[in-house]
Amino acid sequence: MMRLFTHRNSTLITNRFISPFHSRKSSTNASRINDETVNQITTILRNRNWPHLLNSSPNLLNNLNPDVIQSVLHHNQRLDPNRLLHFFNWSLHQMGIHQNLKSYLILCVVLCNSSQLRHASVVLGQMIDTRNPVSVVIDSIDRFCSLNEGVLKFRGVIYGMVVDGYKNKGMLDEAVCVVLGINDRECFPDSACVNSLMTSLLKYRENELVWKVLDKMLELKIVPDVYIYTNLISALCKDGKVSEAKRVFVEMGENGCDPSLVTYNVLIGGLCKGGIIDEAFELKRSMTEKGFVPDRYTYTTLIDGLCKTKKLEEAKMVLEDMSKVGVFPDHVAYSALIDGFMKQGCVDEALTLKDEMFVNGVRLNAVTYNSIISGLCKARRFEEAIAVLTGMKEKGTFPDVYCYNSLLIGLCNDRRMEEVQSFLAQMRANGVRPNTFTYGVVISGYCRIPNMEVADKYFNEMVKCNIMPDRVIFTSMIDGHCKKGNTNEAISIFKSMLGKNIIPDMHMYSVLINGFARNGLMDKAIAVLSELMEKGLNPDVITYTSIISGFCKKGDLLEAFNMVDKMIRKGVNPNIVTYNVLIGGLCKSGDIQKARELFDGISSKGLTPDGVTYATMIDGYCKSGSLSDGFDLFDRMDQSGIQPDYVVYNALLNGCCKELEIEKALTLFDKMAEKGFVSAHTYNTLINMYCKSWKILEADELLKDMIDNKQIKPNHVTFTILIDCYCKAEMMKEAEDLFLEMQNRDLTPTIVTYTCLAHGYMRSGNKDKMISIFEQMVAKGIGLDTMVYNMLDEDQGSLEKSFMLLDELLQKGLSGRDVYDKLVDTLCQNGKFKEAVASIDEIGKRGVMLSFATCSTLVHKLHSAGYKNKLAEVLESMEGFGWVPQASSLTDFIQQHKADGEWENNGLNLPNQVV
């Protein structure tokens, strides 16, 4: 049986309930011992050598307890306060436990009587450390004061010290509880204590507690002083309750409390923060009339308010007024004005102010430099921004992480990624550690390009540095991988984020859905949408439009319009972007008439066509050959007050060039030049038109015009178009000259450029130079397979000659044997089944093994295209060459192909923690 009581406990119960006589006797003995101990300690304390005497009395030490200490303090209140304090601290050390609350209060009063308020405050701080509930502390103080008439005069002081003690220990809730527990105005802490408490509460934004303190004061009919009123006005201004702050300001005067300069400044700051600048200036005039002289803070606050409301010239005038009245601006005033000018794009004005600071001996700090660097980057004046950053150290201010971040933001936005890496390295070399924002900016910059290899590198680097990526960084990574088509990696990052307990927001889901839709994975996009709706989240118009865009890109307009119906049923109305996507989808599918109907119906939906709407419709007309309709809509666009942009003009120019409307194209080109819309793409479009018209001289003149133009330079597309034209005309010398010119301009030839030259050499029968081109490509790491089978595909009339070319490339090691598989696949995809069948024997004769997948694809495509009479012959050849097993069944091939091609839809299986 379990033993319920120990021997000691059972003895205690016996003593308490069975033998009350013995209990009373024991209590009497303890009381006697305590009294004797108190008397002995009292006697010893009168001796100067009391610590040694106490420490040498083991019996006394054994008899120490909180009641003894309390009695000693009570009986020795007239003793030297310092000795009594020393004894109290000695007892705490000896006993190792907290004393009775009354002991702390007795000692506090003793110290107060001797004007040792600082020591008294420390003792009450020790009382707070006993961790008794606030209610117990208040009750102890009340009982102590009520039983000792001489203590009544110290009640307010004691409560004030307790409030300060809790406040200084960061226990603001407890400090306020003490204030709220006081029910006698005579006990209320003085103004200095209350103001100090309110200041701390405001610092930590505990505005609700401020109002509770005020309510208690009003309840006890205690009139706030100027400091308390100022704190109240500050609290209201920080909460954005400027009207109430003004009311308190008026009430303050009505109660006979005159505002101070600080009060005026606080209210002026609140008015400026609320954008009520005129009233702020009126208050400044009022304070001047009452004899107050505006100080630097007053002027700086007004300058900041004017800058935030974009009244920069007025702000500058205030800065000038400061100097006139002998109040010289400091770095805060200058920084506010410089930041304002920079945000408005007035960079030169801001730089003039910076120079003025130097002249006036005002040192720029990191905040000012940050504004300057950020403004220069926004103005794309990067060289100046870099010069400012690198020159900071010489001026005595070391660039901090925020200065570097501002520069990195600008460089990333301008895609100057090599410089981004350079300044990241410089940042570390100068001992400035990148933070979450730094990595976020850089990763986002690489994701926008997108260069995911480098983005992944910095993502992993920040994790190794124990810097947790936030939701914004994860979203950028998902978006970047989706742009590159790496949707599996995007899903992996998404799940990794969930594992770190970061909950995705609607923006992230929209990015993920848009990524799937962009890559044609509509099943996955719909799966994520369904998950969201099951979890109670509400997709917005951006999310729905992403899915609609995905369906339009796949040409599935039925599903696109079904999704529009679904979003409307869910209470989400399509916006102009949604209509632009639908119009684009219809134009792409060739249904121009329905696209125009949708365009004309936009106004009835309460929407207005924008520049993109017009551009999409005009582009659709031009691509469908309805050039006149495109120009009609162009004229209507201008009449509607929507200025045609670069995209619209290029759409019309492309249409004119496609229809070889040379005069119209040139007229448009001149208009584009007037409006500053001409780019390399514009020139390339015209050059391509001239090349298609075999007007090579005119095309060459346009190239020379570009070369002479200091603003627009020819790119690799320009040279490739002309090289292709010369090659088709078998003018290989001119093509070679352009090829060399292209490389002299540091323009890297692409696979298209090389293909054009190879075709030219092939047509002109110059096999050696064609092989030389192939060798150059291999040396530069450019794969030949795509180029080769494209060439073979185009040269349908000479299949045998083409295979001879392949043999030579294989012998020279310039191509892999799988090029034959790719050739057959391409022929099938382009519907050139006759050529694909003919290639079988050529490939087999050379002892090349086609893959089983290629054979399966060929059989399936021939069957689907109706070449059933050829299937038996093709299958027999494949068996003969050993590409497929003997006695292979045609049915087995088709079923196997279907099984391999089925879409495996595993879904995302988003965890429940997502919402």
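Residues numbered from 1 in each chain as written. Predicted model: local features only at pLDDT ≥ 70, side-chain atom pairs only at ≥ 80, totals over all residues. Heavy atoms only, no water.

## A look at the packing of helix α38 (residues 646–658) against helix α39 (residues 662–675)
Two packed helices can be described by the angle between their axes and the distance between those axes. Viewed as axis vectors pointing N to C, α38 and α39 meet at an angle of 160°, and their least axial separation amounts to 9 Å. Judged on the interaxial angle alone, α39 and α38 are roughly antiparallel. The two elements α38 and α39 cross, and the hand of that crossing is left-handed. Contact with α38, carried on its side by Y649, N650, L652, L653, C656 and C657, involves K664, A665, L668, K671, M672 and K675 of α39 and no other residues of that element. Each residue belonging to the contact of α38 with α39 can be placed in one class, and the counts come to eight nonpolar, one polar and three charged. (Axes fitted to C-alpha atoms, helices over the stretch in contact; angles between N-to-C directions. Helix = DSSP H or I, 4+ residues; strand = E, 2+ residues; numbered from the N terminus. Parallel < 35°, antiparallel > 145°, perpendicular 65-115°, else oblique. Left-handed = near helix turned anticlockwise from the far one by under 90°. Contact = heavy atoms within 4.5 Å. Nonpolar A, V, L, I, M, F, W, Y, C, P; charged D, E, K, R; others polar.)

## A closer look at the packing of aromatic side chains
This model, assessed by the stated rule, comprises 15 aromatic pairs. For the ring pair F631 and F634, a centre distance of 6.5 Å and an interplane angle of 75° mean the geometry is edge-to-face. Of this pair, F631 and F634 both sit in helix α37 (residues 627–639), three residues apart, roughly one helical turn. F634 gets classed as buried once you look at its relative accessible area, which sits at 9%. (Phe/Tyr/Trp six-rings, centres within 6.5 Å; stacked < 30°, edge-to-face > 60°. Buried < 20%, exposed > 50% of the residue type's maximum accessible area, 1.4 Å probe, protein only.)

## Examining the side chain of N207
Tracing the chain through its elements places N207 in helix α13 (residues 207–219). A polar contact of 2.6 Å, which involves the side chain of N207, links it to the side chain of D239. Non-local contacts of N207, meaning those with residues more than four positions away in its chain, are made with L202, A235 and D239. (Polar contact = N/O pair within 3.5 Å; in protein donor to acceptor, adjacent residues only side chain to side chain.)

## Quick word on the nonpolar core
Nonpolar side chains in soluble globular proteins tend to end up buried together. Among the nonpolar cores identified, the biggest contains 270 residues, and I158, I303 and I723 are the most heavily contacted of them. If you tally residues by element for this core, the top one is helix α7 (residues 101–113), at ten residues. When sequence neighbours within four positions are dropped, the list of residues in contact with I303 reads A315, V318, L319, M322, A333, A336 and L337. Within the second largest apolar cluster, 22 residues are counted, among which are C828, I840, I843 and W883. (Core = buried A, V, L, I, M, F, W, Y, C linked by side-chain atoms within 4.5 Å.)

## Description of the pattern of salt bridges
According to the stated counting rule, one finds 28 salt bridges in the structure shown. In this structure, E419 engages R416 in a salt bridge whose closest nitrogen and oxygen atoms are separated by 2.6 Å. Classification of E419 as partly exposed rests on a relative accessible area of 22%. On the basis of relative accessibility, which here comes to 21%, the residue R416 falls in the partly exposed class. Across the pair R596 and D600 runs a salt bridge, and its minimum N-O distance is 3.1 Å. (Salt bridge = Lys/Arg side-chain N within 4 Å of Asp/Glu carboxyl O.)

## Comments concerning a negative patch on the surface
A cluster of acidic residues, E313, E320, D321 and E356, forms a negative patch on the protein surface. For the negative patch, the leading source of residues is helix α19 (residues 312–324), giving three residues. Structurally, E356 can be placed in helix α21 (residues 347–359). (Patch = residues over 30% accessible without salt bridge, like charges linked within 9 Å, V, L, I, M, F, W, Y side chains within 5 Å. Areas by Shrake-Rupley, 256 points an atom, 1.4 Å probe, with all protein chains shown as cover. Lys, Arg positive; Asp, Glu negative; His and termini not counted. Charge placed at Lys NZ, Arg CZ, Asp CG, Glu CD.)

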